[in-house]
Every structure is written in structure tokens, then in C-alpha cells.
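Close look at the chain arrangement
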Amino acid sequence: MTERCVSRAPRRRNVFTVTTLLGSVVVGVLNIASPASPASNAHQSRTHLASATHLEQPAGLAIAANGDLIIADQQLNEVLVRLPSGTLRVIAGTGSAGFSGDGGRAVNARLRGPTAVALGANGTIYVDDQGNNRVRALSPDGRIMTVAGNGATSGSRIKAGSIATNDAIAPSDVTTGRNGRLYIAAANDVVELSATGTIASVIDLTKTPGVKLRYQACDPESIAFDPTGNLFVGCDNSRELIERMTSGHFEMVESFYRPHDFPGIAFTKGGALLVVNREVLFGVIDNHATSLIGLKTFPHSVVCVPSGIAVSTNGTIYTDCQSGDGFDTGAGLAKITPAGGIVLLRLWKEQ
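So, how was this worked out
- Residues numbered from 1 in each chain as written.
- Predicted model: local features only at pLDDT ≥ 70, side-chain atom pairs only at ≥ 80, totals over all residues.
- Heavy atoms only, no water.
- Helix = DSSP H or I, 4+ residues; strand = E, 2+ residues; numbered from the N terminus.
- Buried < 20%, exposed > 50% of the residue type's maximum accessible area, 1.4 Å probe, protein only.
- Contact = heavy atoms within 4.5 Å.
- Areas by Shrake-Rupley, 256 points an atom, 1.4 Å probe, with all protein chains shown as cover.
- Pairing = 2+ DSSP bridges.
- Axes fitted to C-alpha atoms, helices over the stretch in contact; angles between N-to-C directions.
- Phe/Tyr/Trp six-rings, centres within 6.5 Å; stacked < 30°, edge-to-face > 60°.
- Lys NZ or Arg CZ within 6 Å of the ring centre and 35° of its normal.
- Disulfide = S-S within 2.5 Å.
- Polar contact = N/O pair within 3.5 Å; in protein donor to acceptor, adjacent residues only side chain to side chain.
- Salt bridge = Lys/Arg side-chain N within 4 Å of Asp/Glu carboxyl O.

Thoughts on the overall build of the chain
- For the chain, the count of helices and strands is 0 helices and 28 strands.
- When burial is assessed residue by residue, the chain has 56% of its 351 residues classed as buried.
- For the chain, contacts bridging at least 24 residues in sequence account for 48% of all contacts bridging at least 6.
- Total accessible area on the chain is roughly 14,000 Å²; 50% of this is exposed by carbon and sulfur atoms.

Right, dumping it as C-alpha cells:
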């Protein structure tokens, strides 16, 4: 159940049509493409790595220009690539929870509960290594390095100009902006990193000019930029989706009744906003959250509880499913074609 909370005059966004196995929702013209992606050969050096057979708890998704689907698996403590052929390959993590490996090969490093991934313009993959309170970077040649966070969960407030690896940063999501820089959702801030590894800026989400949050603390769960550079933030604590415009002012996009309603945000090239919300994929148009696909009524009565979403250049939408077929921790991926067909990719371990 949703409740609207709109604090501004509606602004028109691109809209689209999805014809699903469950029926048709017609709201415009389907034209889905991903934002700028790294070079298509960014992951070629990783394709020799050992294949994986399943997922356990996928929590974050990103798609490279060559079609590789990057997956952060929180339970496996690994980052994997799903190649267009369907093969899964591990590109970071040994499967054992911990922290190690900076400066070496990513497949020999230990991660602890990675929850999000983002792609840099040069082929770098940024990983929200949430259990280690760090953000780490995988280079195109397969090496790993910490770029933000010192492992601590609390400390003095993050300040612009400080060295990112010296700060206590508890990341909840990562994304990249049109300027190519990395942005990190952390506590009640969104932190921007400079090319030199310092904190370029800090957006304080306890201060949102133009918007009064339901609760003072936003506690950002997800962040994403639209094609024009506006930042969208899904607030886990206040249950609201807000937009920070390039001017620095905020606008309310949508307010939801239940907590934990913003596990994933993505944009099409045309600027259409997609949100996975519990078991539903929403398209947000003119400040109205329109249900496009009910992910709880898949074929075979599989319940899909998503936490991430990504859109490929050919218009295919991917979202993860953290439970299905009655398994407590079984997982797979949902693939939604431009025509609206739903395919459940069975990538969880049979138990």
C-alpha cells in the first residue's frame, strides 16, 4: 500500500509501456537504455576466472556496456559476473568473510557482506563492502583496493577535504555521477570522492531545503543520478524518495507507508525512473508510483523480494530475488524483457 506525499507541482518524466505476463500497463512508449557505462572490454581480463554455480543473496546489480551483469552477493561474500552466455564467474572474494587482499588480486581478497556495486567510466567496479565499513575498487586488471572507509562504524562527522580512507564511513550504497566521480550513501550523508582520494563534498541529509522529511533522519538505502545530474535518494528511515536537484534544493518524489521500501533505484536513458519496492517494480511518473510488474506472482508461484535493479542497453531490466520456492536464503535473478515478459533465472543452490 502506498500513500502519496507530493510537495511540488508535477514534472513530466519519460514514460513507457510494459506488457507483462500478468496483463498490460500502458503509460507511454518503452525506450529503455542504461546510463554511460565503462568500455566494453572492461572485464575481458577476468573471464579466465573459475566459474560459480549459484547465488545465495544477491544484493546489488550493475550492467557493463558489453552486457556483463555485475552482482554483489552478500551471503557468498563475493562479487560475480554473469556473462551474456549465462555463465557465472567470481571476480572478487574468496567466499570467506573477512577483510584482506588490498593491492593484490581481487579473487584472493576477502569481503564481508558486499551489498552494492557501481561502474566507473574507466572500467573500475566499486563495491560497497558493507560488513567491512569500506568501499573497495576492482581495477580492470583484476586487482582490489580500498578507496573509502577505515573499518570503523562511527567517529567524527565526515568533512570535505579529508582523506576518504581515514574516515569512518558506513556505506549503504554506491553510484557514479556524470562527472565520473564516486558517490557513497553513508549514515545521513552522501559523500563525493575526488580523483585524488579525498572527500570532495558531503551532502547532509538531515538538511533538505524544500522538503520536510517524515522523520529527521533519512538513513539513505539507495542513491542514483538521473541523466540530467539530479540525485535521487531512497530514505529507509523516513520511507521517502527524495530528489536533490543540481541547485542544491530538494523535492519530494514519493512517500511510502512501509519501512525498507527503497532497495533499488534505476533510470533509463530517457529519464524514466524505476524503483523496486518490496515485490513490485514501480515506474514513477509525474510523482505517481505506478505498479508495472507484480514480482510476487511469477510463474511457478515464486516470490521475488528484490534489493537491486539494473537496466541494460538493449532495454532488459534485471532485478534480484532474495527468496524463492520456499527457500529461506535461496536466490535468483528476474529478467524483464522490453516486451514485458518475465523470466526467472534459476541461479540459487538447490537444497
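Structure shown, so let's carry the discussion forward.
Examining the sheet that holds strand S11 (residues 134-138)
- Pairing is antiparallel in the open sheet, where 4 strands are placed in the order S9-S10-S11-S12. Every other strand in the sheet has two partners, leaving strand S9 (116-119) and strand S12 (144-148) as the edge strands with one partner each. Recorded for the sheet is a direction-independent mean angle of 30 degrees between the axes of neighbouring strands.
- Of the strand pairs in this sheet, S11 and S12 are connected by 4 bridges, and their pairing is antiparallel. For Leu 138, the partnering residue across the bridge sits in S12 and is Ile 144.

Comments concerning the sheet that holds strand S26 (residues 317-321)
- One open sheet holds the 4 strands; their spatial order is S25-S26-S27-S28, and the pairing between them is antiparallel. Only two strands of the sheet have a single neighbouring strand rather than two, namely strand S25 (309-311) and strand S28 (342-345). Averaged over all adjacent pairs, the angle separating strand axes in this sheet is 20 degrees, with direction ignored.
- When strand S27 (residues 332-336) meets S28, the two strands line up antiparallel, connected through 4 bridges. Note that in S28 the partner of Ile 336 across the bridge is Ile 342.

A closer look at the packing of aromatic side chains
- For the structure on display, the rule yields 2 aromatic pairs.
- With 4.8 Å between their ring centres and 65 degrees between their planes, Tyr 183 and Phe 225 make a pair best called edge-to-face. Linking Tyr 183 in strand S14 (residues 182-186) with Phe 225 in strand S17 (residues 220-225), this pair joins segments that are 42 residues apart in sequence. Both residues of the pair, Tyr 183 and Phe 225, belong to the buried class.
- The ring of Phe 99 is capped by Arg 134, whose NZ or CZ atom sits 3.8 Å from the centre of that ring.

Some thoughts on the state of the cysteines
- All told, the structure shown has 1 disulfide when counted by the stated rule.
- Residue Cys 218 pairs covalently with Cys 235 via a disulfide, S to S 2.1 Å. Residues Cys 218 and Cys 235 share a disulfide whose torsion about the S-S bond is about -90 degrees; that sign makes it left-handed. You can see Cys 218 sitting in the loop between strand S16 (199-204) and S17 and its partner Cys 235 sitting in strand S18 (residues 231-235), a full 17 residues away along the chain.
- Assessed through its relative accessible area of 1%, Cys 235 is described here as buried.

Notes on the pairing of strand S6 (residues 69-73)
- In terms of residue burial, S6 counts as a mostly covered element, since 5 of its 5 residues are buried.
- The alternating pattern of S6 places Leu 69, Ile 71 and Asp 73 and Ile 70 and Ala 72 on opposite faces, both of which are buried.
- The hairpin formed by strand S5 (residues 58-63) and S6 contains 5 residues between the paired strands, and Gly 67 there has a positive phi angle of roughly 95 degrees.
- In terms of strand pairing, S6 meets strand S7 (residues 78-82) through 5 bridges, oriented antiparallel. When the sheet's bridge partners are listed, Ile 70 is paired in S7 with Val 81.
- What sits between S6 and S7 in their antiparallel hairpin is a turn of 4 residues, with Asn 77 showing a positive phi close to 60 degrees.

Notes on the side chain of Glu 243
- Along the chain, the position of Glu 243 falls in strand S19 (residues 240-244).
- The class for Glu 243 is buried, based on a relative accessible area of 0%.
- Among the polar contacts listed, one links the side chain of Glu 243 to the side chain of Asn 230, at a separation of 3.4 Å.

Things to note about the environment of Phe 232
- Take Phe 232: it is sitting in strand S18.
- A C-alpha to C-alpha distance of 6.2 Å links Phe 232 and Arg 244, two positions 12 residues apart in sequence.

As for the pattern of salt bridges
- All chains considered together, the criterion is met by 5 salt bridges.
- Between Arg 181 and Glu 192 there is a salt bridge, with its nearest N and O atoms 3.0 Å apart. Of this pair, Arg 181 sits in the loop between strand S13 (171-176) and S14 while Glu 192 sits in strand S15 (residues 189-193), and the two are 11 residues apart along the sequence.
- Here the residues in one salt-bridge network are Asp 102, Asp 129 and Arg 136, joined through shared partners.

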